[in-house]
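These are the residues of each chain, in order.
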Amino acid sequence: MSDGSAGGPRLLVRDLAQLVTAPVAAGAPLRGSALRELEVVENAFVLCESGALAAVGSMRELASHALDGDVEELDGSGLCAIPGLVDCHTHPAFLGDRVEEFSLRAGGASYEELHAAGGGILSTVRATRAGGAEELAAAVRRHADWMLRAGTTTFEGKSGYGLDHDTELASLEAVAAAGGVPTWLGAHSVPPEFDDADAYLDFALAEVLPGAAKLAEAADVFVEEGAFSVEQARRYLTACREASLALRLHGDQFNELGAVELAIELGARSIDHLEATGESGARALAASDVTAVLLPASALFLDRSMPPARVLADAGAAIVLATDFNPGSAFCESLPLACSLACTQLHLSPAEALAACTVNAAHVLGLAERRGRIAVGQDADLVLLDATDWRHLAYHLGGDLIATVIRRGAVAWAA
């Protein structure tokens, strides 16, 4: 493989037990058999320069690369390198917690019952509105640091716990300031000051969308009973598309209401959740360009059925894994845990799980040309695992196996 240009800070990670990545020649997103065809290099090295990957290969190839000048070396003995993990579905912009709700649910209350009684999303809306922009920004930084320690080098972060003008925009600003990719989840729930969803959407599209479109990369909507109908979601997403935002949907989490068909109709980047999706929906997604973002930690946390990952993958759908990190239904920032659940509960292979939270997740964010692979020219984002076989990422259930996180060619965190 080739060297990058000379100059700039350089970091050499050498003597790695293994390095694993999706093949450079493969497109994104990966589907079918390509999702399982990872490239594993034994006894490997990685050279980072000026924030990008300058050279990658086996140690026997290292001598062919000029290493004149200052080079910081990192001993990778006994470690495996994987691409920096990409979490394309998180809700980090919130204040407070829902531990009392968690306790009630453990005692038998359902998520829908808590939501109908004023709990759920709206309880976090109240707590988030009560804080200031600085407090919210500090919370997002804290949550982003949790993700980093779990190996996430790129994260998407949604608003949706303000549902007013100022808090929604402050949420997007906080995500961007913490290094995340902001998504405007303006249609998360109907806040209590509005009589119905249509009245709230009138406000959100007229008053919030103009500012959100300047800050966010995408827009998202929660299509579900008690949230927004397909017709309301179509109106919201169409307006957001006209404002040049990419489109995403929360769909089929509890009920099949037509969200899959809407996502395909509008050419959305993704539809996320899919716990209630049947075989016809899976086949429709497989025949489309809409990626299926699977959130097994959420299904586990709520004791719901898992999404039909095996059906989707075997049909040829583009599948992605994410955490759904949020205070109510998935208080989990760990993509390694999501990979374990993907293998044990969704019946994906370790290779499929890794590709789903690296290159395929980067595709959802429009970043597949720069993130999600360990390849020359990509951003130098990688994670070193304290294991000699990369499959420990999923095998070690909830394990503390992240040794070092490298982001843009510099050590961002080390155990």
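Basis of the calculations
- Residues numbered from 1 in each chain as written.
- Predicted model: local features only at pLDDT ≥ 70, side-chain atom pairs only at ≥ 80, totals over all residues.
- Heavy atoms only, no water.
- Helix = DSSP H or I, 4+ residues; strand = E, 2+ residues; numbered from the N terminus.
- Rg over C-alpha atoms; globule rule 2.2 N^0.38 Å.
- Buried < 20%, exposed > 50% of the residue type's maximum accessible area, 1.4 Å probe, protein only.
- Contact = heavy atoms within 4.5 Å.
- Areas by Shrake-Rupley, 256 points an atom, 1.4 Å probe, with all protein chains shown as cover.
- Lys, Arg positive; Asp, Glu negative; His and termini not counted.
- Charge placed at Lys NZ, Arg CZ, Asp CG, Glu CD.
- Pairing = 2+ DSSP bridges.
- Axes fitted to C-alpha atoms, helices over the stretch in contact; angles between N-to-C directions.
- 1 Å grid on protein atoms, 1.4 Å probe; cavity = no way out; pocket = protein on both sides within 12 Å on 5 of 7 lines; lining within 4 Å.
- Points joined across faces, edges and corners; volume = space filled by probe spheres on them.
- Nonpolar A, V, L, I, M, F, W, Y, C, P; charged D, E, K, R; others polar.
- Core = buried A, V, L, I, M, F, W, Y, C linked by side-chain atoms within 4.5 Å.
- Parallel < 35°, antiparallel > 145°, perpendicular 65-115°, else oblique.
- Left-handed = near helix turned anticlockwise from the far one by under 90°.
- Disulfide = S-S within 2.5 Å.
- Polar contact = N/O pair within 3.5 Å; in protein donor to acceptor, adjacent residues only side chain to side chain.

Colleague: What is the right way to read the overall build of the chain from this model?
Modeller: The helix and strand inventory of the chain stands at 15 helices and 16 strands. Taken over C-alpha atoms, the radius of gyration comes to 21 Å for the chain, in line with the 22 Å a tight globule of 415 residues would show. Judged by the C-alpha coordinates and their principal axes, the chain covers about 70 × 45 × 45 Å. Sorting the 415 residues of the chain into buried and exposed places 60% on the buried side. A separation threshold of at least 6 residues defines the contact pool for the chain, and within that pool the share at least 24 residues apart is 73%. Split by element, the accessible area of the chain, about 15500 Å² in all, is 49% carbon and sulfur. Distance from the positive charge centre (28 side chains) to the negative charge centre (57 side chains) of the chain: 3 Å.

Colleague: Can you help me understand the sheet that holds strand 9 (residues 218-222) in this one?
Modeller: Picture the strands of a sheet paired through backbone hydrogen bonds; they go either parallel or antiparallel. With parallel pairing, 8 strands are arranged side by side in an open sheet as 6-7-8-9-10-11-12-13. At either margin of the open sheet sits one strand with a lone partner, and together these are strand 6 (85-87) and strand 13 (319-321). Put simply, the sheet's adjacent strands are angled 25° from each other on average, direction ignored. Contacts from helix 5 (residues 165-177) reach strand 7 (152-158) and strand 8 (181-187), with the element oriented near 160° to strand 8.

Colleague: Help me understand empty space enclosed by the protein, please; the structure alone is not making it clear to me.
Modeller: Tallied over the entire structure, the rule returns 3 cavities of 30 Å³ or more. Each pocket or cavity is described by its volume, and for the second largest cavity that value is around 50 Å³. Residues that form the lining of the second largest cavity fall into these classes: 2 nonpolar, 4 polar and 5 charged.

Colleague: Explanation requested: the nonpolar core in the structure shown.
Modeller: What tends to happen in soluble globular proteins is that the nonpolar side chains get buried as a cluster. Counting 104 residues, the largest nonpolar core has W184, Y236 and L249 as the members making the most contacts within it. When residues in this core are grouped by element, the largest group, 8 residues, is from helix 6 (residues 197-215). Those residues in contact with Y236, other than ones at most four positions away along the chain, are W184, L185, G186, A187, L201, L205, A219, D220 and V221. One finds L11, L79, I374 and A380 within the second-largest nonpolar core, a separate group that totals 18 residues.

Colleague: Honestly, the packing of helix 5 against helix 6 in this entry has me stumped. Any pointers?
Modeller: A packed helix pair is summarised by two numbers, namely the angle formed by the two axes and the spacing between the axes. Here helix 5 crosses helix 6 at 20°, and the two axes come no closer than 10 Å. Classed by the angle they form, the pair helix 5 and helix 6 counts as roughly parallel. At the point where helix 5 passes helix 6, the crossing takes the right-handed sense. Of helix 6, the residues touching helix 5 (which contributes H165, E168, L169, L172 and E173) are F203, E207, V208, G211, A212 and L215. Residues belonging to the contact of helix 5 with helix 6 are distributed by class as follows: 6 nonpolar, 2 polar and 3 charged.

Colleague: Hey, could you run me through the environment of R407 in this one?
Modeller: Relative to the helices and strands, R407 resides in strand 15 (residues 402-407). For R407, a relative accessible area of 32% puts it in the partly exposed group. Considered as a pair, R407 and A52 are 355 residues apart in the sequence and their alpha carbons are 9.4 Å apart. Once you skip the residues sitting within four places of it in the chain, R407 turns out to touch L148, T153, A380, D381 and A412.

Colleague: I would appreciate a short explanation of the pairing of strand 15 in the present structure.
Modeller: The side chains of a regular strand alternate between the sheet's two faces. In terms of residue burial, strand 15 counts as a mostly covered element, since 5 of its 6 residues are buried. Examined bridge by bridge, strand 14 (residues 382-385) and strand 15 share 4 bridges and lie antiparallel to one another. The residue of strand 15 that forms the bridge with L382 is I406. Pairing between strand 15 and strand 16 (residues 410-414): 4 bridges, direction antiparallel. Its bridge partner lying in strand 16, V405 is registered against W413. The loop that links strand 15 with its antiparallel partner strand 16 comprises 2 residues; one of these, R408, has a positive phi angle of about 55°.

Colleague: How should I be thinking about the layout of surface pockets in this particular structure?
Modeller: Rolled over the atoms, a probe as big as a water molecule pinpoints where empty space is left. What the largest pocket holds in volume is close to 190 Å³. In terms of lining residues, the largest pocket is bounded by W146, R149, A150, E333, S334, P336, L337, G398, G399, D400, L401 and I402. Sorting the residues of the lining of the largest pocket by element identifies helix 4 (133-149) and helix 12 (335-344) as the ones contributing at least two each. The residue inventory of the lining of the largest pocket, partitioned by class, reads 6 nonpolar, 3 polar and 3 charged.

Colleague: Help me understand the state of the cysteines, please; the structure alone is not making it clear to me.
Modeller: Note: disulfide means a covalent bond formed between the sulfur atoms of two cysteine side chains. Applying the stated criterion across every chain, the model contains 0 disulfides. C88 forms no disulfide, and the closest cysteine sulfur to it belongs to C357, at a distance of 9.6 Å. Take C88: its relative accessible area is 0%, and that puts it in the buried class. C240 takes part in no disulfide bond, and the closest cysteine sulfur to it belongs to C88, at a distance of 18 Å. Taking the relative accessible area as the measure of exposure, C240 reaches 0% and is therefore buried.

Colleague: Would you mind going over the side chain of D164 with me for this structure?
Modeller: Relative to the elements of secondary structure, D164 occurs in the loop between strand 7 and helix 5. Within polar-contact distance, the side chain of D164 engages the backbone nitrogen of T167 at 2.8 Å. Not counting the four nearest positions on each side in its chain, D164 is found in contact with R129, F203 and V208.

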